[in-house]
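Chain by chain, the residues:
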Amino acid sequence: MPTEPKIAHLAALRALISRQAPGQTALPPCPLGLPALDAALEGGLPRGCLQEVIPGDEGAAAAGFTAFLLGRLVKEGAGAGRGVLWASLGEGDLYPPALAGYGLDPGEVILLSAPSPAELLWAMEEALRSPALAGVVGEVDRLDLTAGRRLQLAAAAGGGVGFLLLRADRPAAAVSAAALRWRVRAGPDRTWHVELLRRRGGRPGRWILEREDETDRLLVASELGDGSAAPQARLSGG
Amino acid sequence: MWLPSWATDRLHRKPDCPADRPVVTIEEVAGRLLIQAADALAGAEGIRPGFALADARALRPDLAVFPADPAGDATALARLADWCSRYTPLVALDGGDGLWLDITGCAHLFGGEKALMSDLRHRLAGFGHDSRIAVADSPGAAWAAARFREAGQTVVEPGAIRESLAPLPVAALRLPSVMTAELERLGLRRIGDLYSVARAALARRFGMLPGERLDQALGRIAEPLSPRLPPPAFVVRQILAEPILHAEGLAAVLQRLLPRLCRELAEAGQGARRLELGCYRVDGRLAKLAVGTSRPSRDDAALIRLFAEKLERIDPGFGIEAMTLAAPQVEPLADLQLALARGRHGTARGTARGTTWGTARGTTGGTAGQAADLAPLIDRLGNRLGFARLARAEPRESHFPERAVKRMPAGFPAAAAKPAAAKPPGALPLRLFPRPEPVTAEAAGEGDPPASFLWRARRHQIRTAEGPARIEPEWWLGESGGPRDYWRLEDEAGLRFWLFGQSGSWYLHGLFA
């Protein structure tokens, strides 16, 4: 185990390396309000990057987790951008009223029905370049390395977070331009099994999130570490 | 403006049309083949429209005959009319072979009426069209002069209309041919002959029309033209000395036109919702490009970006020699709004447009700086993908979940701040299928939830069920079918479904997150 100062030093070095251009200040991460996840992500969800969300089942857990992250980004919007754009192929089957449950105003979310996958990626790139948006979701059927690189660059320029939400659980390519890759599936009793499959310059992790019955806050029910299935002590936060 | 040989001129442009033989087009009238149009060569032989084809063939056995194409002629004339809007936005069609151009206030841009006419005739000749043009104070006088003076171009001076019309035949009054023939039979051959006839006598015999046409031609009563395209209130134009062949050149001209248009808009306190760029090609075609904005704007820097990537789509052909920029759709835009909108990038926080996009609602603490504007993004996306593809969800009153939300155009501020009661996550399905998917379900009994069901080739064993919640059909909307009994189901893996039973069948309508 590295000692505390060493960890701090490493974090500082990482911040230095990840800085893309001199003079550009690193965007502060967005705290998720889930201590275990925030710790694993070194402060919270990174901004100005592309993230992939892969569903682990045919349900809507991955979309729900994405909506949760969007809600946090909008609430903790540090910069100017607070808008949200959700792009799907055609009309899609997102039910906007449900977004209210994640702290998003359904009337403020821009819904885009793209005519083709190529136009969807173009629109995502344009939206990510806009400093007005905190988060941009694109529902896609597959991940494309070149498109991912373009989106990653656009997100870095605009400061928002781009989410590529896959429509189905597919074996994703090992190479990706995304900063994070999530895999989310539903578990019994309104829980989400969230896996951080990859993180640029960091370690993966697995958590089970559950909703508090009375307040409906999201809690970390257990932290499963990075691969070992042994549940650790029950952590709660929020 | 009259195009005496419009139909045959069009034929002459085609490669399979013989250059050295007279050309006619024919149409079938009551079983006879009649000449519809004849070119100059045929006209010199005495072959005129209305002749029987057999008679014409007797005069010139080598006559080249083509079928008449009235629809094609009309389309081409409409296209020419659009092109003529390089001179004036007010262009009206005149039958099948003429155009009216209202050049009031426009002629000076082209060096005067004579210069404008020469320019127009010269260009038409370049396209292969013979033309006769007249300028007069009334449409009727111009029509008469264009068709019945032998000159290619005529200016009827103001105050000289009466004398100029007098020697022309009564046919120049645009009367039905029966009426013209009747007037001639009475010895009233020239328009001048009518001057001395008492109006009452004329009206008794022929009705009001001859007197009305005469007054219109003399300019005593106004004759409004019905322009083909409604003239936009805001339009600026640029005539180019050298034809432009590339998009970069177009962008440079646009950069000159936009500030001029924006200045005009500013003076009127308006902002553009739609802009149309007209590019007049040397071959007589008009290439158009339109962009829309989600909110009224006269910010030339923002507007030029909307055009930027579309300019490539304009086909310059052999060059573009004139451009117009019009704002056919405008909305009031006060200076104050604009100043505030610009000021947001300065010290002001996003309070200027509290109701619009991007402005923070419920700003957390003092961390939020200025709110960035969403409008430019929406305009960019909308102009490429179509504004119909961008929407905001607006809640509506409906029992049925699929109708409880309406897609509203993005970019417009929300109707009013309706803080929807924050529903806990999971209360509503996050995915709602536009068409409920039929599933094979096994229910224990009537009124029971399914114990398991088959969806997309996978069986889901139900662990917990909540329900039913009954939704009656909205019969006032013509909804048929029985009531729906909705169940919230969770399978053994934890997947949460929204299923309903209707008249003995089961449908999957949505998924909970």
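Residues numbered from 1 in each chain as written. Chains lettered and ligands numbered in written order. Predicted model: local features only at pLDDT ≥ 70, side-chain atom pairs only at ≥ 80, totals over all residues.

### A short note on the overall build of chain B
Here is step 1 of the chain: The helix and strand tally for chain B stands at 15 helices and 19 strands.
Here is step 2 of the chain: Classification of the 513 residues of chain B by burial places 35% in the buried group.
Here is step 3 of the chain: For chain B, the proportion of contacts with a sequence separation of at least 24, taken over those separated by at least 6, is 54%. (Helix = DSSP H or I, 4+ residues; strand = E, 2+ residues; numbered from the N terminus. Buried ≥ 20, exposed ≤ 12 C-beta atoms within 10 Å, placed from the backbone. Contact = placed C-beta atoms within 7 Å.)

### A closer look at helix 5 (residues 113–126) of chain B
All names here are of chain B.
Here is step 1 of the chain: Given a rise of 1.5 Å per residue, 14 residues ought to cover 20 Å, and the 20 Å separating the end C-alpha atoms of helix 5 matches this to within 8%.
Here is step 2 of the chain: Considered for burial, the residues of helix 5 that qualify are Leu 116, Met 117, Leu 120 and Leu 124. In an axial view of helix 5, the angular spread of the buried residues amounts to 100 degrees, which keeps them on one side of the axis. Exposed residues on helix 5 whose side chains face more than 90 degrees from its buried face are His 122 and Gly 126.
Here is step 3 of the chain: Of the surrounding secondary structure, the elements contacted by the buried residues of helix 5 are strand 6 (133–135) and strand 7 (153–155).
Here is step 4 of the chain: Gly 128 sits one or two residues past helix 5 and shows a positive phi near 95 degrees. (Expected span 1.5 Å × (residues − 1). Arc of directions from axis to C-beta.)

### Considerations on the packing of helix 4 (residues 117–129) of chain A against helix 15 (residues 375–385) of chain B
Here is step 1 of the chain: Following both chains from N to C, one finds helix 4 of chain A and helix 15 of chain B inclined at 165 degrees, their axes separated by 10 Å at the closest point. On the basis of the axis angle, helix 4 of chain A is roughly antiparallel to helix 15 of chain B. The way helix 4 of chain A lies across helix 15 of chain B gives a crossing that is right-handed. In this structure, helix 4 of chain A contributes A:Glu119, A:Ala123, A:Glu126 and A:Ala127 to the contact, and helix 15 of chain B contributes B:Leu377, B:Arg380, B:Leu381 and B:Leu385.
Here is step 2 of the chain: Its residues placed into classes, the contact of helix 4 of chain A with helix 15 of chain B shows 5 nonpolar, no polar and 3 charged. (Axes fitted to C-alpha atoms, helices over the stretch in contact; angles between N-to-C directions. Parallel < 35°, antiparallel > 145°, perpendicular 65-115°, else oblique. Left-handed = near helix turned anticlockwise from the far one by under 90°. Nonpolar A, V, L, I, M, F, W, Y, C, P; charged D, E, K, R; others polar.)

### Focus: the environment of B:Asp82
Residues and elements named next belong to chain B.
Here is step 1 of the chain: The residue Asp 82 is located in helix 4 (residues 70–84) in this model.
Here is step 2 of the chain: Given 19 C-beta atoms within 10 Å, Asp 82 falls into the partly exposed group.
Here is step 3 of the chain: Asp 82 sits 147 residues away from Leu 229 along the chain, and the two C-alpha atoms are 7.9 Å apart.
Here is step 4 of the chain: The contacts of Asp 82, once residues within four sequence positions are left out, are Leu 229 and Leu 286.

### As for unusual backbone geometry
Residues and elements named next belong to chain B.
Here is step 1 of the chain: Of note in the backbone geometry, Arg 456 takes a positive phi value of approximately 50 degrees without being a glycine.
Here is step 2 of the chain: Take Arg 456: it is sitting in the loop between strand 15 (450–455) and strand 16 (458–471).
Here is step 3 of the chain: A residue is classified by how many C-beta atoms lie within 10 Å of it, and Arg 456, with 9 of them, is exposed.
Here is step 4 of the chain: Despite not being glycine, Ala 457 has its phi angle at roughly 65 degrees, a positive value.
Here is step 5 of the chain: Topologically, Ala 457 is positioned in the loop between strand 15 and strand 16.
Here is step 6 of the chain: Accessibility expressed as a C-beta count within 10 Å gives 5 for Ala 457, which makes it exposed.

### Examining the nonpolar core
Here is step 1 of the chain: Counting 103 residues, the largest nonpolar core has A:Phe65, A:Val84, A:Leu112 and B:Leu430 as the members making the most contacts within it.
Here is step 2 of the chain: Here the element with the most residues in this core is helix 3 (residues 61–75) of chain A; it accounts for 10 residues.
Here is step 3 of the chain: Residues in contact with A:Leu112, not counting those within four places in the same chain, are A:Leu85, A:Trp86, A:Ala87, A:Ala123, B:Leu381, B:Arg389 and B:Leu390.
Here is step 4 of the chain: Core analysis: the second largest hydrophobic core is formed by 81 residues, B:Val156, B:Leu168, B:Ile191 and B:Leu265 among them. (Core = buried A, V, L, I, M, F, W, Y, C linked by C-beta atoms within 7 Å.)

### Here's the deal with the sheet that holds strand 11 (residues 320–332) of chain B
Residue and element names in this part refer to chain B.
Here is step 1 of the chain: Pairing is antiparallel across the open sheet formed by 4 strands, whose spatial order is 8-11-9-10. Two strands bound the open sheet, and with one partner strand each, they are strand 8 (234–244) and strand 10 (286–297). In this sheet, adjacent strand axes meet at a mean angle of 15 degrees when their direction is disregarded.
Here is step 2 of the chain: As paired elements, strand 9 (residues 270–281) and strand 10 share 8 bridges and run antiparallel to each other. Counted as the bridge partner of Leu 277 is Leu 289 from strand 10. (Pairing = 2+ DSSP bridges.)

### Considering the pairing of strand 5 (residues 161–166) of chain A
Residues and elements named next belong to chain A.
Here is step 1 of the chain: Among the 6 residues that make up strand 5, 5 are buried, leaving the element largely enclosed by the rest of the structure.
Here is step 2 of the chain: In this structure, strand 4 (residues 133–140) lies alongside strand 5, joined through 6 bridges in parallel fashion. Following the sheet pairing, Val 137 is matched in strand 5 by Phe 163.
Here is step 3 of the chain: With helix 5 (residues 145–158) bridging strand 4 and the parallel strand 5, this β-α-β connection has right-handed handedness. (Right-handed = clockwise from strand over helix to strand, strands pointing away.)

### Some words on the packing of helix 10 (residues 199–206) of chain B against helix 11 (residues 209–218) of chain B
Helix-helix packing: each pair is described by the crossing angle between the helix axes and the interaxial distance.
All names here are of chain B.
Here is step 1 of the chain: Interhelical geometry of helix 10 versus helix 11 gives an angle of 130 degrees and a closest axis separation of 7 Å. Classified by the interaxial angle, the pair formed by helix 10 and helix 11 is oblique. Facing helix 10, whose interface residues are Arg 199, Leu 202, Ala 203 and Phe 206, helix 11 presents Leu 209, Pro 210 and Gly 211.
Here is step 2 of the chain: Taken together, the residues of the contact of helix 10 with helix 11 sort by class into 5 nonpolar, 1 polar and 1 charged.

### A word on the confidence of the model for chain A
Residues and elements named next belong to chain A.
Here is step 1 of the chain: Residue-level pLDDT values for chain A average 83, and 82% of them are 70 or greater.
Here is step 2 of the chain: For chain A, per-element mean pLDDT is lowest for helix 1 (residues 4–18), which scores 67, and highest for strand 5, which scores 95.
Here is step 3 of the chain: Confidence drops under a pLDDT of 50 for residues 227–238, and excluding neighbours within four residues, the segment shows 23 contacts in the predicted structure. (pLDDT = per-residue confidence, 0-100.)

### A closer look at the pairing of strand 19 (residues 505–512) of chain B
Residue and element names in this part refer to chain B.
Here is step 1 of the chain: Burial analysis of strand 19 places 6 of its 8 residues in the buried class, which makes it a mostly covered element.
Here is step 2 of the chain: Sheet topology note: the strand 18 (residues 496–502)/strand 19 ladder contains 7 bridges and is antiparallel. Note on strand 19: the bridge partner recorded for Gly 501 is Trp 506.
Here is step 3 of the chain: Here strand 18 folds back onto strand 19, and the loop between the two strands holds 2 residues, one of which, Ser 503, carries a positive phi near 50 degrees.

### Examining the sheet that holds strand 1 (residues 23–29) of chain B
All names here are of chain B.
Here is step 1 of the chain: Taken together, the 3 strands give an open sheet; going across it, the order is 2-1-3, and neighbouring strands pair in mixed fashion. Of all the strands in the sheet, the pair left with one neighbour each is strand 2 (32–38) and strand 3 (64–67). Averaged over all neighbouring strand pairs, the angle between strand axes comes to 45 degrees, with direction disregarded.
Here is step 2 of the chain: Bridge analysis of strand 1 against strand 2 gives 6 bridges, and the strand direction is antiparallel. Paired with Val 24 across the strands is Ala 38, a residue of strand 2.

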